[in-house]
Amino acid sequence: FPQKLWKMLESDQFQSIWWSEGEKCVAINEELFKDEVLGGAGPQRLFDTQKMESFTRQLNAYGFTKTKRDDQRSASLPEFLAEEAAVSAHSQILYYYNPCFNRAHPWLLERCMRR
């Protein structure tokens, strides 16, 4: 599972899943992911499930935890309001973190095991 996930993140084939800005979290556009990965057939069908809940259980089984987007907020009101609008546009984006799943440290992937 972690190896398949890593290959997805490194591929340009998928628009619904990517590394977050710090490349320490997996970012998933939930609705697009359901259509693009879970609902599809053929080469984009990497996982046995068609349900987001089952995919999330797999993430949890391998030590991923859901996290919030890690942004620092601006002190000025206009910038803060602009950031809030941008964050609400990301409301369908889910972020998952695992200390052994980090783009800068691919050798840690072997430690990413099922609980």
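Looking at an unreviewed UniProt entry, one finds the chain named HSFY1 protein and attributed to Pachyramphus minor. Checking UniProt for the chain, the heading Sequence similarities (unreviewed entry) contains the comment "Belongs to the HSF family."

Caption draft 1: Up close: unusual backbone geometry. We note that Glu23 has phi near 60 degrees; this positive angle belongs to a residue other than glycine. As for its position among the elements, Glu23 is in the loop between strand E1 (17-19) and strand E2 (25-29). What makes Glu23 partly exposed here is its relative accessible area of 30%.

Caption draft 2: Representation of the sheet that holds strand E3 (residues 65-67). Strand order in the open sheet made by the four strands is E1-E2-E4-E3, with antiparallel pairing throughout. The open sheet has two edge strands, E1 and E3, and neither has a second partner. If you compare each strand with its neighbour and ignore which way they point, the axes differ by 35 degrees on average. As paired elements, E3 and strand E4 (residues 93-97) share three bridges and run antiparallel to each other. The residue of E4 that forms the bridge with Lys66 is Tyr96.

Caption draft 3: Spotlight on the pairing of E2. Among the five residues of E2, five are classified as buried, and the element is accordingly described as predominantly covered. What you see with E2 is no split at all: Cys25, Ala27 and Asn29 on one side and Val26 and Ile28 on the other are buried throughout. Pairing between E1 and E2: three bridges, direction antiparallel. Note that in E2 the partner of Ile17 across the bridge is Ile28. In sequence, E1 turns back onto E2 through a hairpin of five residues, with Glu23 there showing a positive phi of about 60 degrees.

Caption draft 4: Fine view of the nonpolar core. Leu5, Ile17, Ile28, Phe33, Phe55, Phe64 and Phe101 are the most contacted members of the largest nonpolar core, which totals 27 residues. When contributions to this core are tallied by element, the ones reaching two or more residues are helix H1 (2-10), E1, E2, helix H2 (30-38), helix H3 (52-61) and E4.

Caption draft 5: Main features of the packing of aromatic side chains. If you walk through the whole model with that rule in mind, you get seven aromatic pairs. Centroid distance Phe64 to Phe101: 5.1 Å. Interplanar angle 65 degrees. Geometry classified as edge-to-face. Placement of the pair is Phe64 in the loop between H3 and E3 and Phe101 in the segment after E4, with a sequence separation of 37 residues. Phe101 carries the same exposure label as Phe64, and that label is buried.

Caption draft 6: Quick look at the environment of Lys24. Of note, Lys24 is situated in the loop between E1 and E2. Residue classification places Lys24 among the partly exposed positions, given a relative accessible area of 46%. Those residues within four positions of Lys24 in sequence are excluded, and the remaining contacts are Tyr97, Asn98, Phe101 and Asn102.

The rules behind the values
- Residues numbered from 1 in each chain as written.
- Predicted model: local features only at pLDDT ≥ 70, side-chain atom pairs only at ≥ 80, totals over all residues.
- Heavy atoms only, no water.
- UniProt positions renumbered as here; feature names shortened; annotations may be inferred.
- Helix = DSSP H or I, 4+ residues; strand = E, 2+ residues; numbered from the N terminus.
- Buried < 20%, exposed > 50% of the residue type's maximum accessible area, 1.4 Å probe, protein only.
- Pairing = 2+ DSSP bridges.
- Axes fitted to C-alpha atoms, helices over the stretch in contact; angles between N-to-C directions.
- Core = buried A, V, L, I, M, F, W, Y, C linked by side-chain atoms within 4.5 Å.
- Phe/Tyr/Trp six-rings, centres within 6.5 Å; stacked < 30°, edge-to-face > 60°.
- Contact = heavy atoms within 4.5 Å.

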